[in-house]
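Structural overview for review
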Amino acid sequence: MLHSHKSSGSGLTLRCAVVVWLLLVSGAECAAKSQQQSAAPLVAGQPIVREMRGGEEHGYQVSLRAGQHARVVVEQKGIDVVLALLGTDGKPLVEVDNNLSGTRGMEVISLLAESSGAYVLKVRSLEKGAVAGRYELRIEELRDATGTDRIQVAAERSYNAGAQLQAERTAESRRKAIEK
């Protein structure tokens, strides 16, 4: 309940701003938790095979502890998919789409866990009107990270950023892609 005061309205404005900020923060936390709760668990040594239609998105939760390295592979079997990785806070970390693989082949994401918790991996159809296909999702590697893993993850991120820029098909984006 807000009380009005005869002094300036700045106190009321500040209280309103604080209330709005609290609502925004709690809403973001709820959204991140809801994404994690709706995601199926992905466990090393237990591949998942699923059918997907155009326009669909499937979510998976990968629990990692800080300092672990994970390499996740999706083998496309008749449908072109994009992989998106969200951090423990629900914020996007990386998105992968190997334009060369099409509806067959693999998409790969390597991850170096900065913090312990549940990471969310989203698999979505590249084209909304695509015919149904299947994919196999698996954790190919899960271990404590090494120096080589750190270099590999950084290189993959740089490559993926360059590929996304190249897909924009402008002179400026191509120049930036070459830099990456």
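Our structure's up above, just so we're on the same page.
Criteria and thresholds
Residues numbered from 1 in each chain as written. Predicted model: local features only at pLDDT ≥ 70, side-chain atom pairs only at ≥ 80, totals over all residues. Heavy atoms only, no water. Helix = DSSP H or I, 4+ residues; strand = E, 2+ residues; numbered from the N terminus. Expected span 1.5 Å × (residues − 1). Buried < 20%, exposed > 50% of the residue type's maximum accessible area, 1.4 Å probe, protein only. Contact = heavy atoms within 4.5 Å. Core = buried A, V, L, I, M, F, W, Y, C linked by side-chain atoms within 4.5 Å. Pairing = 2+ DSSP bridges. Axes fitted to C-alpha atoms, helices over the stretch in contact; angles between N-to-C directions. 1 Å grid on protein atoms, 1.4 Å probe; cavity = no way out; pocket = protein on both sides within 12 Å on 5 of 7 lines; lining within 4 Å. Points joined across faces, edges and corners; volume = space filled by probe spheres on them. Nonpolar A, V, L, I, M, F, W, Y, C, P; charged D, E, K, R; others polar. Parallel < 35°, antiparallel > 145°, perpendicular 65-115°, else oblique. Left-handed = near helix turned anticlockwise from the far one by under 90°.

Some thoughts on helix α2 (residues 147-167)
With 21 residues, α2 extends 31 Å between its outermost C-alpha atoms, agreeing within 8% with the 30 Å of an ideal straight helix rising 1.5 Å per residue. Where α2 is concerned, the buried positions are Asp149, Val153, Asn160, Gly162, Ala163 and Leu165. In this structure, the buried residues of α2 make contact with β4 (68-77), β6 (92-96), β7 (104-112), β9 (133-144) and α3 (171-179). Once α2 finishes, Arg169 follows within two positions and takes phi at roughly 60°, a positive value.

Remarks on the nonpolar core
By size, the foremost hydrophobic cluster in this structure holds 24 residues, and its most contacted members are Leu42, Leu121, Val123 and Leu137. Of all elements in the fold, only β2 (48-52), β3 (57-64), β4, β5 (81-86), β6, β7, β8 (117-125) and β9 reach the threshold of two or more residues within this core. Setting aside residues up to four positions removed in sequence, Leu121 forms contacts with Leu42, His58, Gly59, Tyr60, Val72, Leu83, Ala84, Leu85, Ile109 and Leu137.

Focus: the sheet that holds β4
Spatial ordering of the open sheet is given by β2-β9-β4-β7, a layout of 4 strands whose pairing is antiparallel. Each of the sheet's edge strands pairs with one partner strand only, and the pair in question is β2 and β7. Taken over all neighbouring pairs, the strand axes of this sheet differ in orientation by 20° on average, direction set aside. Direction of pairing for β4 relative to β9: antiparallel, over a ladder of 10 bridges. When the sheet's bridge partners are listed, Lys77 is paired in β9 with Arg134.

Let's talk about the environment of Val81
Assignment of secondary structure puts Val81 in strand β5. For Val81, a relative accessible area of 0% gives the class buried. Sequence spacing of Val81 and Glu107 is 26 residues, and the spatial spacing of their C-alpha atoms is 7.9 Å. Sequence-distant contacts of Val81, defined by excluding residues within four places in its chain, comprise Met52, Val74, Gln76, Asp97, Glu107, Val123, Arg124 and Leu126.

Things to note about the side chain of His69
Note on placement: His69 falls in strand β4. If near-sequence neighbours (up to four positions away) are discounted, His69 is found in contact with Ser110, Leu111, Leu112, Glu141, Leu142, Arg143, Asp144, Ala145, Asp149 and Val153.

Overview of the layout of surface pockets
Of the volumes computed, that of the largest pocket is approximately 380 Å³. Forming the walls of the largest pocket are 18 residues, and the residues nearest its centre are Val96, Asp97, Asn98, Glu107 and Asn160. If you list the elements that add at least two residues to the lining of the largest pocket, you get β6, β7 and α2. Among the elements that make up the lining of the largest pocket, the one with the highest residue count is α2 (6 residues). Broken down by class, the residue content of the lining of the largest pocket amounts to 8 nonpolar, 4 polar and 6 charged.

So, the packing of α2 against α3
Running from N to C, α2 and α3 point in directions that differ by 165°, and their axes come no closer than 7 Å. Considering the angle they form, α2 stands roughly antiparallel to α3. Regarding α2 and α3, the two cross each other, and that crossing is left-handed. For the pair α2 and α3, the contacting residues are Gly162, Leu165 and Gln166 in the first and Ser173, Lys176 and Ala177 in the second.

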